[in-house]
Amino acid sequence: MHTLIALAALFSAPASAADLGFQLSAELGSLRNTDPSYDLFSKSNVMPSRGLRVGVTLVDTLTIETGWHRVRRGLYEPDLDIQTAFFADEFILGPKISHGFAEVFYPYVAGHGVLMRGVMKFDDDSSNDRNPGQIKQTGVGLGLLTMGGVEFRSPTDAGKLAVSAHLEAGYGWFQTTDFGNLGSMKPGGFALKGGLGLRM
C-alpha cells in the first residue's frame, strides 16, 4: 500500500517551476545497420544522422519527447557509372524518465517509438533530379529505441532559461522495410545520440 502511494505521488506531483515548459535540442546520432543492402550506400555499418528533439515535461520525472532525424548516405560506383543514395527520415515519440541531482545532473532512460521513411535511389546522372534513367523506391517501417543517458543543465533560477547538453546510448529494433523491386532493409543495433539545447 505504501509503495502505491509513493508511486502515485511521484507521477502526480506537478513539475517544478524550473522544469515547466519545453526543451529543444539539436542532435547528432548514429544507428547500426549491418543489412547487406546498406553496403550499396555506405562503406561503414553505421547510419549517421542529425536532427531536432522537442520535449514537454509533465511532472518532475516524466517528459514526453518527439523528434526528427535525417540520414543521408551514398556511393559512386565508377565501374557502372552509377551514383547510389539512401535517405531516411526518422520520426520519434515516447517518454523519458529522469531524476535530478543538484539541479544540474540528470540521468535518464527513454523509450521511443520510431517511424522511418527511407528512399533508395540509383542514378546514372545525379545532376538531374528528373533523369529518366533514375531508379527510386520508397519504404516505410516501424521501430523502437531504448536509450539510457545523462543530461547536464546550467544552474538557473525557477522559470529561467537553461542551457543543456545530453549524451545517450542504447539499442534499436526495426522491422524489415520493403523497397519494392530494389529489395528490403532491416537496420538495428547499437544507437548513440548527443546534443545541445535549451530548456524554457
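None of the values given here were measured: they were computed from a predicted structure.

**Notes on the nonpolar core**
- Ranked by internal contacts, the top residues of the largest apolar core, which has 18 residues, are L31, M47, F86, L145 and M185.
- Among the elements that line this core, the one with the most residues is strand β5 (residues 105-123), at four residues.
- When near neighbours in sequence (up to four residues on either side) are disregarded, F86 contacts Y38, F41, M47, V71, R72, R73, G118, V119, M120, F179 and M185.

**Structural notes on the environment of L145**
- Inspection of the secondary structure assignment puts L145 in strand β6 (residues 135-153).
- Residue classification places L145 among the buried residues on the basis of a relative accessible area of 5%.
- Setting aside chain neighbours within four positions, we find L145 in contact with L31, A110, G111, H112, V114, Y171, G172, F174, A191 and K193.

**Details of the sheet that holds strand β4 (residues 82-98)**
- With antiparallel pairing, the eight strands of this closed barrel are ordered in space as β1-β2-β3-β4-β5-β6-β7-β10. When strand polarity is set aside, the average angle formed by the axes of neighbouring strands in this sheet is 25°.
- With 11 bridges joining them, strand β1 (residues 22-32) and strand β2 (residues 46-57) adopt antiparallel strand pairing. Bridge pairing in β2 places S30 opposite P48.

**Observations concerning the pattern of salt bridges**
- What the rule picks out here adds up to eight salt bridges.
- The salt bridge involving E27 is made with R53; its shortest N-O contact spans 2.7 Å. Here the residue E27 occupies a position in strand β1, and R53 occupies one in strand β2, the gap between them amounting to 26 residues.
- With a shortest N-O distance of 3.7 Å, E151 and R199 are connected by a salt bridge. With E151 in strand β6 and R199 in strand β10 (residues 189-199), this residue pair connects regions lying 48 residues apart in the sequence. For the residue pair E151 and R199, the accessibility class agrees, reading buried in each case.

**Comments concerning the environment of V140**
- Residue placement: V140 occurs in strand β6.
- Distance from V140 to L115, taken between C-alpha atoms, is 7.3 Å for residues 25 residues apart in sequence.
- In this view, V140 contacts L115, M116, R117, Q175 and T177; residues no more than four positions away in its chain are not counted.

**Some words on the packing of aromatic side chains**
- If you walk through the whole model with that rule in mind, you get seven aromatic pairs.
- Ring geometry for F86 versus F179: centroids 6.3 Å apart, planes at 70°, classification edge-to-face. Remark: F179 occurs in the loop between β8 (177-178) and β9 (184-185) and F86 occurs in strand β4; sequence separation between them is 93 residues. Accessibility assignment for this pair places F86 and F179 in one class, buried.
- Ring centres of Y171 and W173 lie 4.8 Å apart, and the angle between their planes is 50°; on these two criteria the pair is classed as tilted.

Calculation criteria
Residues numbered from 1 in each chain as written. Predicted model: local features only at pLDDT ≥ 70, side-chain atom pairs only at ≥ 80, totals over all residues. Heavy atoms only, no water. Core = buried A, V, L, I, M, F, W, Y, C linked by side-chain atoms within 4.5 Å. Buried < 20%, exposed > 50% of the residue type's maximum accessible area, 1.4 Å probe, protein only. Helix = DSSP H or I, 4+ residues; strand = E, 2+ residues; numbered from the N terminus. Contact = heavy atoms within 4.5 Å. Pairing = 2+ DSSP bridges. Axes fitted to C-alpha atoms, helices over the stretch in contact; angles between N-to-C directions. Salt bridge = Lys/Arg side-chain N within 4 Å of Asp/Glu carboxyl O. Phe/Tyr/Trp six-rings, centres within 6.5 Å; stacked < 30°, edge-to-face > 60°.

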